[in-house]
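Notes for the structure review
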Amino acid sequence: MRLATVSAADRGIAVALLQDNSELNIAQAARDVPGAEGAALRTGNLQAIIDGGPATWATLRDLIGAAEQGHHADAIMSADAPFLAPLHTPRKNIFCVGRNYAEHIAEGERAQNTKIGITEHPVYFTKPATSVVGHEGDVLLFPSVSEAIDYEVELAVVIGKAGRNIAKEDAFDHIFGYTILNDITARDVQRRHGGQYFKGKGLDGSCPIGPWIVTADEIEDPQNLTIRLTVNGELRQNGQTGDMIFDIPTLIASLSEGMTLEPGDILATGTPSGVGYAMDPPQFLKAGDTVVCDIAKIGQLKNTVRIA
């Protein structure tokens, strides 16, 4: 399933993308579905649908199958509704992982003329909910705050089943699906705050996510996906998720040590090489730039840069 949130009538509406890319209004299609599953689907909210668990997801899958056969025609939305982030008001900060691709570490060492190295354990940080924007939303520039806004395409994992101290061999059982995240970073802000990540990666508009969530059953091997980013059509990042230093099961097991992961939690898994600050000379984002993140089997996340 491809599940998204679009903006209509000044609110977010959960939709399912059909094979022809038409959008099925989930709440409307589920108007006659009984029980807890129907109640969750009729919220029109992806968080509630994820919270509903496997029975709700199975019911939704049946609705989508029926729509593909021509049923629920009155629940097909017009295609002009803009996308929001799939989970556009996340209940928590977005979990992120730094330094998870060796070539990205190497380019950072060259650019900073310092030894960074591979860490023994994953490096975590978060981005606030206020930083989240959707597909075709704006990446904001704050010229008085930063003159070094950079990009980082990342595969993001959406948790579907709660757990603490999750074993690596059980990690995939806790995943609802996958989406694309662009970890926009103010490099100069990051440096002047001691090199810690939060402030430099937490500005408004610095966390594009989308355009949809692809459920885990649709992606056989999330560690075998091409991951790319272009700026104004120029290829900047071109990697493979198989090059992660810490793979997805390791990240989930590590992050959940003593800490409960909940349905709807989002975990960005790191970025490959090709970031702007490591280019010679550095190439930072400027007003009017178009940034496209592309991950195989998921799609493209497109955003435009503008001054706030």
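Structure report, in brief. (Residues numbered from 1 in each chain as written. Predicted model: local features only at pLDDT ≥ 70, side-chain atom pairs only at ≥ 80, totals over all residues. Heavy atoms only, no water.)

Taken across its seven residues, strand 1 (residues 2–8) has five buried, putting it largely inside the fold. Of the pairings in the sheet, the one linking strand 1 to strand 14 (residues 207–215) comprises two bridges and is antiparallel in character. Across the sheet, Leu 3 pairs through a bridge with Ile 213, a residue of strand 14. As paired elements, strand 1 and strand 2 (residues 11–17) share six bridges and run antiparallel to each other. (Buried < 20%, exposed > 50% of the residue type's maximum accessible area, 1.4 Å probe, protein only. Helix = DSSP H or I, 4+ residues; strand = E, 2+ residues; numbered from the N terminus. Pairing = 2+ DSSP bridges.)

Attention now moves to unusual backbone geometry. At the junction of Gly 210 and Pro 211, the peptide bond is cis and its omega measures out at 0 degrees in the coordinates. The residue Pro 211 is located in strand 14 in this model. Despite not being glycine, Ala 9 has its phi angle at roughly 55 degrees, a positive value. Along the chain, Ala 9 turns up in the loop between strand 1 and strand 2. Judged by relative accessible area, which is 71%, Ala 9 ranks as exposed. Positioned with a positive phi, Lys 297 is a non-glycine residue whose angle comes to about 70 degrees. Secondary-structure assignment places Lys 297 in the loop between strand 18 (290–295) and strand 19 (299–307). Taking the relative accessible area as the measure of exposure, Lys 297 reaches 60% and is therefore exposed.

Counted by the stated rule, this structure contains three cavities of 30 Å³ or more. Its volume calculated, the largest cavity comes out at about 60 Å³. What lines the largest cavity is Gln 47, Pro 90, Arg 91, Lys 92, Asn 93, Ile 94, Glu 262, Pro 263, Gly 264, Asp 265 and Ile 266. Its residues assigned to classes, the lining of the largest cavity comprises four nonpolar, three polar and four charged. As a volume, the second largest cavity reaches approximately 40 Å³. Lining the second largest cavity are Val 139, Leu 140, Ile 149, Ile 184, Thr 185, Ala 186, Gly 200, Leu 203, Asp 204, Gly 205 and Ser 206. Residue composition of the lining of the second largest cavity, by class: six nonpolar, four polar and one charged. (1 Å grid on protein atoms, 1.4 Å probe; cavity = no way out; pocket = protein on both sides within 12 Å on 5 of 7 lines; lining within 4 Å. Points joined across faces, edges and corners; volume = space filled by probe spheres on them. Nonpolar A, V, L, I, M, F, W, Y, C, P; charged D, E, K, R; others polar.)

Okay, the layout of surface pockets next. A volume near 300 Å³ is recorded for the largest pocket. Of all elements in the fold, only strand 6 (94–98), helix 5 (102–112) and helix 6 (187–192) reach the threshold of two or more residues within the lining of the largest pocket. Classifying every residue of the lining of the largest pocket gives six nonpolar, eight polar and seven charged. One number sums up the size of the second largest pocket: a volume of about 220 Å³. For the second largest pocket, the full set of lining residues is Met 1, Arg 2, Leu 17, Leu 18, Gln 19, Arg 61, Ile 64, Gly 65, Glu 68, Val 214 and Glu 218.

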